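Per-entry structural report
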Amino acid sequence: MALDKETVAKVAHLARIKVPEDRLDSLAGELDGIVNWVEQLGEVDVEGVAPMTSAVETSLRWREDKVDDGGYPEKVTANAPDAQMNFYTTPKVVE
Amino acid sequence: MSDYRLKGETGEWEVVIGLEVHAQVSSKAKLFSGAATAFGADPNAQVSLVDAAMPGMLPVINGECVRQAVRTGLALNAAINKQSVFARKNYFYADLPQGYQISQYDQPVVGEGEVEVDLPDGTTKVVGIERLHLEQDAGKSMHDQHPKKSFIDLNRSGVALMEIVSKPDMGSPEEAAAYVSTLRSILRYIGSCDGNMAEGSMRADVNVSVRKPGEALGTRAELKNINSVRFVRQAVEIEALRQIAVIEGGGTVDQETRLFDPSKGETRSMRNKEEAHDYRYFPDPDLLPLEFDDAFVEECRGTLPELPAEKKKRFMESYGLGAYDAAVLVADWEIANYFEEVAKHGDPKQAANWVTVELFGRLNKADKTILESPVSAASLGELLGLMADDTISGKIAKDVFDEMFETGKGAKEIVEAKGLKQITDSGEIEAIVDKVVADNPDQVEKYRGGKTGLIGWFVGQVMKASQGKANPKMVNDLLQKKLDG
Amino acid sequence: MSDPLDLTIAEARDALRAKKISAVELTDAYIKAVEAARPLNCYITETAEQARARAEASDKRIADGKAGAMEGIPLGIKDLFCTEGVLTTAGSHILDGFKPPYESTVTRNLFDAGAVMLGKLNLDEFAMGSANLTSHYGPVKNPWKRRDDDKDLVPGGSSGGSAAAVAARACLAATGTDTGGSIRQPAAFTGITGLKPTYGRCSRWGIVAFASSLDQAGPMTRTVRDAAIMLGAMAGFDPKDSTSVDRPVPDYEAALTGDIKGLKVGVPKEYRVDGMPASIDRLWQQGIDWLKQQGAEIVDVSLPHTKYALPAYYIVAPAEASSNLARYDGVRYGLRVEGESLNELYENTRGEGFGEEVKRRVLIGTYVLSAGYYDAYYLKAQKVRSRIAEDFRKAYEQVDVLLTPATPSAAFGIDEEPSDPVQMYLNDVFTVPANLAGLPGISVPAGMDDQGLPLGLQILGRAFDEETVLRAAHALESAAGFTGRPQFRAG
Ligand SMILES: [Mg+2]
Ligand SMILES: [Zn+2]
């Protein structure tokens, strides 16, 4: 199995998702099944093919350098579960 | 390579340094939103819904940031990539609301280039540029507001940064510091970054490794977010010595991120922040490739001013300045402009001397920048003019300059009000000379007896009697005639 | 005047302008229907009061002769569109209590055209699913049932709430979003019309992102004409979305000429998959005949990389989703499950806030982007995507549109969901290629399976050629004359 329990635990940490220990095995099975299935792409010859990153064929549009947004700290913190004095909060981060 | 060496117990060591400088692009709005970038706003007052990573919010690029990146690339003699790609750098952190930073990865807007760096001894060194890319700045976490919480302010979140990556071409703390100074000077010349390191507009990540001369590159440590030129110098030396001690003690240097603590004079590991970093870069699907044409590049090139290296060459050639003086004068474009204005009114070498010695000395003492100078360039030029046409002597000029600096008054105004005009009337000077000669028969005799060095004493007496106003050359000539004759 | 719940958008528009019914009367009928439809669980949030207020405003504009294209039309909005001041959940626990201080561009466009919002419609969590079984707010029931069987069926997904509500008359039409088939597949499962426009046609601004390079909003309606009218109101250039395309919005309704003489219709042989029910195969052949009878020219075409679309999609979509969903971290909005450290806060919040399918896809996405795997999975999938787009380009050198089945099966029972995720993903086999290539597609109800469940046929078109897609779909609709009605009807 390419995607084992340890890999799932590692990936879950990278994605910051808590996975209960007793779920790791079954999850590894499901994810491994998906990964094995997508590996059929190996059959496709993509020699010299450029990756398609967007379905839109034009190039990036630029905005003007103009301040036309922001200035509403109450609005951006209104939905925060624990905003204080217009700051967001997290458990203390030790650097 | 530099001939800088550090002495360890096992012999001499070379230091190899590369820098990643983050420079805030001078723009009114952020890289991908219309929120303001000004320094010092209230918490989250310069945050748009995009910057706060609200669901469904999308980035739209600020064209001015692209323009400034291209101008900077041109100023660094670098390859400009007419097509580049924004990628997401994925990681979780309190000051990173999207959970990713929009940056550029394998296709940056600017490729390889080089800068000529002025070293303190007047020589120069060419440092290679690896790349320059555009990316978003993160927010700010504050840790002292609450006993158990960190407070997050996203005002900086999304501000445009240019990350300028050098090649590992520097071999001493001086070279690293000089590179940062030169880069800062270039960015300020072209106006793509205000270079204000104290406000965080420019920060350097410094990669340091050590090796025995001639050997392969050692493992490097990265010193994060150093915010002054002086600290760059200190951090490199302290880190290099630490690595030498580790290796000579039988250990190995870890490839890691370290924090420089200037108050303790040490660097320390930031491993807790580093755990399991795997940034999972991929092209940002909310953005299309960034593209522009040659005409745009040329338009950017057309807006570039004369750059410090060219200016230095010109100052040496057309003003006859030495490399050191020229380098000092061009380091800051405001100083260079000031100097050129002063030089219009007098001898350029004298002008350089007055700017770098007299003006800088007084500015330093008063803790003022050139922009805050109480004496304008035109005003200093006027003073030089008064010396050139013998209205005042150099000695008087220094006193006048002191007063100009203190009161902001003009040179002519002070000279006139105080009657400091040089005496150039030969009759008037002759009368004083005659009086001095007549009043000091003993000295005259000694002089004539062979102690010709006394001429200086006579000049002093005449100057004193004229309250410093007599033209020193005329005094000298007349005394010589009277005493020898 | 017939039952207001049976009016199409086109009929309601005419009735409103002719003052045969008022917007308030129409909206009140639907508010009652929304209540009556509660057993289906299509709505997460009902906004009756706001709806009535908007309807009153519509009546005023109608009286003033200022009616917009969607004036007074009561809509359901998929709960993936951010609606100002109204709870927006994306079907997820992690957005608990989130009331956006902004309005998505698409809903803004619809409201500017006079539309009335009845409420927010249930969906698969973060639009990840094909059966509407992954919503934090519970499954949606399909208003259709099998003949001689009382089992509750899925409405398809992820726009399952939208599909069920439109079919059951709990709204006149609804918005949907389609990342891999999430408009077309539930439309087919519930006997309604669902259109996924060209990528870049409708703004993504304010729509909770699932997979940014694939997501596209579109209308879910009871007729092709209604889809044309509603798309016209939803679409348009939006400078706030860098992937929005700046080109004028045509009059889509005018494209429904009823004339498809000479239209070249491609039939891709790769869409004939193993184990497909005979009823679907039969319907497909029927569709070919209907179009041929109206003067279309049928051309056999090949889209050789079709079978790789689904695996490519299940790399690209989870990869983008893993990054798009990183912002749900318990700090700025939604659910927060405290922890001792920052990482614990993140892991607790995301562990509890995301459901199983979302976690699965975020983990797969994280894995395929992680160091050492990027080239083998993500980059490879994006190259396969180029191949798929190239297949379509070649096909459209020969034909104007393609005709395919919309789904490989009819709706299935809520308790019949395959436990193997890969089996589940096969629901999207016919719809995913258009998302990868960014092309428009529509599902039209065209017939029934052996158990009396609706089946859809799909028309795919060239980029930004929604007009031809709609014209062909309209011809198909006329020929099929689908008159089936679900067993459950709201009011
Ligand atoms: Mg870096
Ligand atoms: Zn950087």
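What you see is a predicted model, and the numbers here were worked out from it, not measured in a lab.

About the cut-offs
- Each chain carries its own residue numbering, running from 1 in the written order of its sequence.
- The order in which chains are written sets their letters, starting at A; the order in which ligands are written sets their numbers, starting at 1.
- Whole-chain, interface and lining totals are the exception, using all residues; otherwise, since this is a predicted model, local features are given only for residues with pLDDT of at least 70 and side-chain atom pairs are given and counted only at 80 or more.
- Side-chain numbers here rest on the full set of heavy atoms in the structure, without hydrogens or water.
- Counting from the N terminus, the helices are the DSSP runs of H or I reaching at least four residues and the strands are the DSSP runs of E reaching at least two.
- Computation of the radius of gyration draws on C-alpha atoms, with the globule rule given as 2.2 Å multiplied by the number of residues to the power 0.38.
- Note on exposure labels: buried denotes an accessible area under 20% of the residue type's maximum, exposed denotes more than 50%, and partly exposed covers the range between, all computed with a 1.4 Å probe on protein chains only.
- Should any heavy atoms of two residues lie within 4.5 Å, those residues are considered in contact.
- Under this rule, positive means Lys or Arg and negative means Asp or Glu; His and the chain ends count for nothing.
- To locate a charge, take atom NZ for lysine, CZ for arginine, CG for aspartate or CD for glutamate.
- UniProt positions are given in the numbering used here, feature names are shortened, and annotations may be inferred rather than shown by experiment.
- Coordinating donors are taken as N, O and S atoms within 2.8 Å of the metal, stretched to 3.2 Å for Na, K and Ca; because water is absent from the atoms, sites can appear incomplete.
- Each pair of aromatic rings taken from Phe, Tyr and Trp, with Trp reduced to its six-membered ring, is defined by centres within 6.5 Å and is described as stacked if the planes are under 30 degrees apart, edge-to-face if over 60, and tilted in the remaining cases.
- Sitting over a ring, as applied to charges here, requires NZ of Lys or CZ of Arg to be within 6 Å of the ring centre and within 35 degrees of the ring normal.
- Two parts lose some accessible area (1.4 Å probe) when they are put together, and adding that loss for both gives the buried area.
- What counts as a salt bridge is simple: a side-chain nitrogen of Lys or Arg found within 4 Å of a carboxyl oxygen of Asp or Glu.
- Whenever two N or O atoms come within 3.5 Å, that pair is a polar contact, provided that in protein one can donate a hydrogen and the other can accept it, and provided that, for residues adjacent in sequence, both atoms are side-chain atoms.
- Three categories are distinguished: nonpolar for Ala, Val, Leu, Ile, Met, Phe, Trp, Tyr, Cys and Pro, charged for Asp, Glu, Lys and Arg, and polar for the others, with Gly belonging to the last.
- Buriedness of a pocket was judged along seven lines, with at least five required to meet protein on both sides within 12 Å; pockets are open sets of points on a 1 Å grid over the protein atoms alone, cavities are sets where a 1.4 Å probe fits but cannot get out, and lining residues have an atom within 4 Å of a point.
- Grid points are joined across faces, edges and corners, and a volume is the space filled by probe spheres set on the points.
- The source of the domain bounds is an automatic or database domain assignment.
- At least two DSSP bridges between two strands are required for those strands to pair.
- Every residue gets a pLDDT, meaning the predictor's confidence in that residue, from 0 to 100.
- Axis angles are defined between N-to-C directions and span 0 to 180 degrees, where every axis is a line fitted to C-alpha atoms and, for a helix, only to the segment in contact.

So, on to the overall build of chain A. Per the secondary structure count, chain A includes three helices and two strands. In chain A, the succession of helices and strands from N to C terminus is α-α-β-α-β. Relative to the 2.2 N^0.38 estimate, which gives 12 Å for 95 residues, the radius of gyration of chain A is 22 Å and therefore markedly larger than a compact globule would have. For chain A, the spread of C-alpha atoms along the principal axes amounts to about 55 × 45 × 25 Å. Residues classed as buried in chain A amount to 47% of the 95 residues present. Counting only contacts in chain A whose residues sit at least 6 apart along the sequence, the fraction spanning at least 24 positions is 30%. Here chain A carries 10 positive and 19 negative side-chain charges, and the mean point of each set is 9 Å from the other.

Turning our eyes to something else, we now look at the UniProt feature "domain: Amidase" (unreviewed entry) in chain C. Mapped onto the present numbering, the UniProt feature "domain: Amidase" (unreviewed entry) falls at residues 25-470 of chain C. The span residues 25-470 of chain C shows a helical share of 36% and a strand share of 13%, and its end C-alpha atoms are spaced 31 Å apart.

Residue and element names in this part refer to chain B. Surrounding the zinc ion (ligand 2) are the protein donor atoms His22 (NE2), Glu135 (OE) and Glu163 (OE), at 1.9 to 2.1 Å. Sequence spacing of the donors to the zinc ion (ligand 2): H-x112-E-x27-E. Distance-wise, the magnesium ion (ligand 1) is placed 4.0 Å from the zinc ion (ligand 2), both being coordinated by Glu163. Of this pair, His22 sits in strand β2 (residues 11-24) while Glu163 sits in strand β11 (residues 160-166), and the two are 141 residues apart along the sequence. Its relative accessible area of 10% is what places His22 among the buried residues.

As enumerated under the stated definition, the model contains 34 aromatic pairs over all chains in all. Centroid distance B:Trp457 to B:Phe458: 5.1 Å. Interplanar angle 80°. Geometry classified as edge-to-face. Members of the aromatic cluster, joined through ring pairs, are C:Phe98, C:Phe126, C:Tyr328, C:Tyr333 and C:Phe354. In this arrangement the basic side chain of B:Lys212 is found over the ring face of B:Trp13, its NZ or CZ atom lying 4.8 Å from the centre. Over the face of the ring belonging to C:Phe111 we find C:Arg54, whose NZ or CZ atom lies 3.9 Å from the ring centre.

Taken together, the contacts link 67 residues of chain C with 49 residues of chain A. Its largest share of buried area at the contact with chain A, chain C owes to C:Glu347, C:Leu363 and C:Tyr367, together 13% of the area lost on that side. Where chain C meets chain A, there are five salt bridges. Across the pair A:Glu43 and C:Lys307 runs a salt bridge whose closest N-O atoms are separated by 3.7 Å. Remark: the boundary between chain C and chain A carries 21 residue pairs in polar contact (both at pLDDT 80 or more). If one sorts the elements of the side of chain C that touches chain A by residue count, helix α12 (residues 375-398) of chain C sits on top with twelve residues. Broken down by class, the residue content of the side of chain C that touches chain A amounts to 32 nonpolar, 18 polar and 17 charged.

Empty space left among the atoms is revealed by rolling a probe the size of a water molecule over them. Residues and elements named next belong to chain B. Counted as a void, the second largest pocket has a volume near 1400 Å³. Taken together, 43 residues line the second largest pocket, and the ones lying closest to its centre are Ser181, Ser185, Ala327, Ala331 and Asp332. Elements with a minimum of two residues in the lining of the second largest pocket: β7 (113-118), α2 (173-190), α3 (229-248), α6 (308-319), α7 (323-330), α8 (333-343) and α9 (348-366). A per-element tally of the lining of the second largest pocket places α2 first, with nine residues. Per-domain counts for the lining of the second largest pocket show at least three residues from each of domain 1 (20-210 + 274-300) and domain 2 (308-418).

Right, let's get into the UniProt feature "active site" (unreviewed entry) in chain C. All names here are of chain C. Per the UniProt entry, the sites bearing "active site" (unreviewed entry) are Lys78, Ser158 and Ser182 in this numbering. The named residues occupy 105 residues along the chain; their greatest pairwise C-alpha distance, 11.2 Å, places them in one compact cluster. For Ser158, the position within the fold is in the loop between β3 (116-121) and α5 (160-167). Classification of Ser158 by relative accessible area gives buried; the value is 0%. Other than its neighbours up to four places away in sequence, Ser158 contacts Lys78, Asn122, Leu123, Asp124, Ala127, Met128, Gly129, Asn132, Thr177 and Ser182.

Further remarks concern the environment of B:Gln136. All names here are of chain B. By the element assignment, Gln136 lies in strand β8 (residues 124-136). For the pair formed by Gln136 and Lys451, sequence separation is 315 residues and the distance between their alpha carbons is 76 Å. Ignoring sequence-local partners within four residues, the contact set of Gln136 consists of Leu31, Phe32, Gln98, Tyr100, Gln101, Ile102, Gly158, Val159 and Leu161. A distance of 2.9 Å separates the side chain of Gln136 from the backbone nitrogen of Ile102, its partner in a polar contact.

All right, on to the interface of chain A and chain B then. Opposite the 38 residues of chain A that make contact, chain B presents 53 residues. Contact with chain B buries area across many residues of chain A, yet A:Trp62, A:Arg63 and A:Asp65 alone supply 19% of it, more than any other trio. For the pair chain A and chain B, the number of links is one salt bridge. A salt bridge links A:Asp82 to B:Lys149, with the nearest nitrogen and oxygen atoms 2.7 Å apart. Put simply, chain A and chain B have 21 residue pairs in polar contact (both at pLDDT 80 or more) between them. Listing elements by their share of the side of chain A that touches chain B, those giving two or more residues are α1 (5-14), β1 (62-63), α3 (73-77) and β2 (88-91) of chain A. With four residues, the single largest contributor to the side of chain A that touches chain B is β2(A). Looking at the side of chain A that touches chain B residue by residue, the class counts come to 15 nonpolar, twelve polar and eleven charged. Where β2(A) meets strand β10 (residues 149-153) of chain B, four bridges bridge the pair, whose relative direction is antiparallel. For A:Thr90, the partnering residue across the bridge sits in β10(B) and is B:Ser150.

Our focus in this paragraph is the confidence of the model for chain A. Of the residues in chain A, 98% have a pLDDT of 70 or more, and the chain-wide mean is 94. Averaged pLDDT values over the elements of chain A bottom out at 95 in helix α2 (residues 24-38) of chain A and peak at 98 in β1(A).

Pairing in this open sheet of three strands is antiparallel, and the strands run β2(A)-β10(B)-β9(B) from one edge to the other. Both outer strands of the open sheet, β2 of chain A together with β9 (140-142) of chain B, are each paired with one neighbouring strand and no more. Taken pair by pair, the neighbouring strands of this sheet meet at an average axis angle of 35°, ignoring direction. In the sheet, β9(B) pairs with β10(B) via three bridges, with the strands oriented antiparallel. Looking at β10(B), one finds that B:Lys140 is bridged to B:Asp153.

What follows concerns the environment of C:Val224. Mapped onto the secondary structure, C:Val224 falls in helix α7 (residues 224-234). Taking the C-alpha atoms as reference, C:Val224 lies 27 Å from C:Ala48; in sequence the two are 176 residues apart.

Here the focus is the sheet that holds strand β11 (residues 454-461) of chain C. All names here are of chain C. The strand order β1-β3-β2-β4-β6-β5-β10-β11-β9-β7-β8 describes an open sheet built from eleven strands, whose pairing is mixed. Bordering the open sheet on either side are β1 (43-46) and β8 (297-301), each of which pairs with just one other strand. For this sheet the average axis-to-axis angle between neighbouring strands, irrespective of direction, equals 30°. Bridge count for β1 against β3 is three bridges, and the pairing is antiparallel. The partner of Thr45 across the bridge, within β3, is Lys120.

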